[in-house]
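The primary structure of each chain is shown beneath.
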Amino acid sequence: MRTFHITWLMFFVCFFGWFGLAPLMPTIRLELGLSKSQVGNIIIASVTATIIARLIIGKLCDTWGPRKTAVRLLVFGSLPVFLVGLAHDYTTFLLFRLAIGVIGASFVVTQFHTSMMFAPRIKGTANAITGGWGNLGGGVTNMVMPVIFAAIVGFGYTSAEAWRLAMIVPGTMMLFVAYLYHKYTKDTPNGNYDETGHAKSKSTKTDWRVLADWRVWALTAAYAMCFGMEITFDNIASLHFVDSFGLSQSSAGLWAGVFGFMNVFARALGGIMSDKVGAKFGMRGKGMLLACVLFLEGLGIIFFAQAASLTVAIVSMLTFALFLKMSNGATYGIVPFVNTKNVGLVSGIVGAGGNLGGMFFGMLFKSENITYAEAFTYIGYMAIATSIIVLITRFQKQKVAAETEIDGPLLSPVA
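For the structure given in this document, a descriptive report is provided here. Note that this is a predicted model, so its numbers are computed, not measured.

**Quick word on the pattern of salt bridges**
Next up, step 1: Evaluated as defined, the whole model comprises 6 salt bridges.
Next up, step 2: Note that Arg-29 and Asp-243 form a salt bridge whose closest N and O atoms lie 3.2 Å from each other. In this pair, Arg-29 sits in helix H2 (residues 25-32) while Asp-243 sits in helix H12 (residues 214-245), placing the two residues 214 residues apart along the sequence.
Next up, step 3: For Asp-243, a relative accessible area of 44% translates into the label partly exposed.
Next up, step 4: For the salt bridge of Lys-286 with Asp-275, the shortest nitrogen-to-oxygen distance reads 3.5 Å. No difference in accessibility class separates Lys-286 from Asp-275, as the two residues are buried.

Structural data, given as structure tokens:
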């Protein structure tokens, strides 16, 4: 349980650093003179680096172990968070935003480490709680960073100086958690990889056969629609509320934070329901649950896009947020069972899919010819289409060899 709490805290502070700039974008946009297209490019950059990083981190977890991987990611990832304050034009800011995106790979460490520490019957619940409470960082940063910004301004600094100094806070948090992760966690319940000989006994060859498994790609598409939309909304929410409803930066950050704050329970709810449905109906039931919440997420996004008042927008936002975050949990209620010998790699591929979705959605929001409302509408329809793909993907019990057998049904190949 000590590892459980430290690993979600690790993802929380990484999320805090990853999206610490998002609620301050109204100020940054004004200071750097950014156009809508440039803001869109910055959103894309913030999630693009994470795609490759998640694939690499998944493999490193398999070889180095989650403990060493997390510590090194936190230490090196803190550097661009500290140094982004040196950016004084669009190009340098874009490059720093790209570098900061690497810390989004911390999600793979969290999911991998939790899968190593908990029994199969509760992997979905444990993964959903650690993932959800980590994602909570995206909500808290939207609420807290404008307050930190305002406090720095209150000490006499200009707005241009304040947003730069504010980023020292998440960078410091990352270094502190790196120390906690190194000192107080273990790779497995039996000890670290070095102590158990895990790394030496395990083949270093990557089993790329998982790329031929349709189930992996169905889950990747699902995660693109839910987590991809989540990180996109974390990036764009403050700007949307400022531009569409005339809110101040602090008020917009508060409502954007409410969206992320639902991770306190919503992602965990998806994982818990996935475990319960799986216990009764097997992996086919888990797949149907995921398809259902994806469908409801899509409907909610469409309603949000059509909201004509702030009240309707908030209600519809909370509605689609609930199902979106449940979809996150339901997806990773399935992931650990796709290929038990390559959990890190599969987690990395599916996790990268979330960022791939965020990158694609960023392209919609950067377009000068598409309004934010239209972009949200398109995403809603794509989520509904993806729910159909998940629904027709066959999930059923599969018998496995004794060395990989788990307490519960596994996914089976698509017919």
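Let us keep going from here.
**A word on a nonpolar patch on the surface**
Next up, step 1: Together, Val-75, Phe-76, Leu-79, Leu-83, Leu-86 and Leu-175 make up a nonpolar patch on the protein surface, roughly 570 Å² of accessible area in all.
Next up, step 2: No other element matches the 4 residues that helix H4 (residues 66-83) contributes to the nonpolar patch.
Next up, step 3: Following the sequence through the fold, Leu-79 ends up in helix H4.

**Brief notes about the side chain of Thr-27**
Next up, step 1: With respect to the helices, strands and loops of the structure, Thr-27 is situated in helix H2.
Next up, step 2: Since its relative accessible area comes to 16%, Thr-27 is described here as buried.
Next up, step 3: Separated by 2.8 Å, the side chains of Thr-27 and Gln-249 make a polar contact.

**Describing helix H16 (residues 343-366)**
Next up, step 1: Relative to the 34 Å expected for 24 residues at 1.5 Å per residue, H16 spans 35 Å between its end C-alpha atoms, a close match to the ideal helical length.
Next up, step 2: Burial within H16 is extensive, with 20 of its 24 residues counted as buried.

**So, the packing of aromatic side chains**
Next up, step 1: Tallying each qualifying case throughout the model produces 28 aromatic pairs.
Next up, step 2: Centre to centre, the rings of Tyr-223 and Phe-227 are 5.2 Å apart; their planes meet at 5 degrees, and the pair counts as stacked. With Tyr-223 and Phe-227 both in helix H12 and 4 residues apart, this pair spans about one turn of that helix.
Next up, step 3: Judged by relative accessible area, Phe-227 falls into the buried class, the value being 0%.
Next up, step 4: What links up through ring pairs into an aromatic cluster is the set Phe-11, Phe-15, Trp-18, Phe-19, Phe-107, Tyr-223, Phe-227 and Tyr-332.
Next up, step 5: A cation over an aromatic ring shows up here: Lys-183 above the ring of Tyr-184, its NZ or CZ 5.8 Å from the ring centre.
Next up, step 6: We note Lys-325 situated over the ring of Phe-259; from NZ or CZ to the ring centre the distance is 4.0 Å.

**Examining the packing of H12 against H16**
Next up, step 1: Following both chains from N to C, one finds H12 and H16 inclined at 50 degrees, their axes separated by 6 Å at the closest point. By the criterion of interaxial angle, the relationship of H12 to H16 is oblique. The interaxial crossing formed by H12 with H16 has right-handed handedness.
Next up, step 2: A per-class count over the contact of H12 with H16 returns 15 nonpolar, 9 polar and no charged.

Rules used in this analysis
- Residues numbered from 1 in each chain as written.
- Predicted model: local features only at pLDDT ≥ 70, side-chain atom pairs only at ≥ 80, totals over all residues.
- Heavy atoms only, no water.
- Salt bridge = Lys/Arg side-chain N within 4 Å of Asp/Glu carboxyl O.
- Helix = DSSP H or I, 4+ residues; strand = E, 2+ residues; numbered from the N terminus.
- Buried < 20%, exposed > 50% of the residue type's maximum accessible area, 1.4 Å probe, protein only.
- Patch = residues over 30% accessible without salt bridge, like charges linked within 9 Å, V, L, I, M, F, W, Y side chains within 5 Å.
- Areas by Shrake-Rupley, 256 points an atom, 1.4 Å probe, with all protein chains shown as cover.
- Polar contact = N/O pair within 3.5 Å; in protein donor to acceptor, adjacent residues only side chain to side chain.
- Expected span 1.5 Å × (residues − 1).
- Phe/Tyr/Trp six-rings, centres within 6.5 Å; stacked < 30°, edge-to-face > 60°.
- Lys NZ or Arg CZ within 6 Å of the ring centre and 35° of its normal.
- Axes fitted to C-alpha atoms, helices over the stretch in contact; angles between N-to-C directions.
- Parallel < 35°, antiparallel > 145°, perpendicular 65-115°, else oblique.
- Left-handed = near helix turned anticlockwise from the far one by under 90°.
- Nonpolar A, V, L, I, M, F, W, Y, C, P; charged D, E, K, R; others polar.

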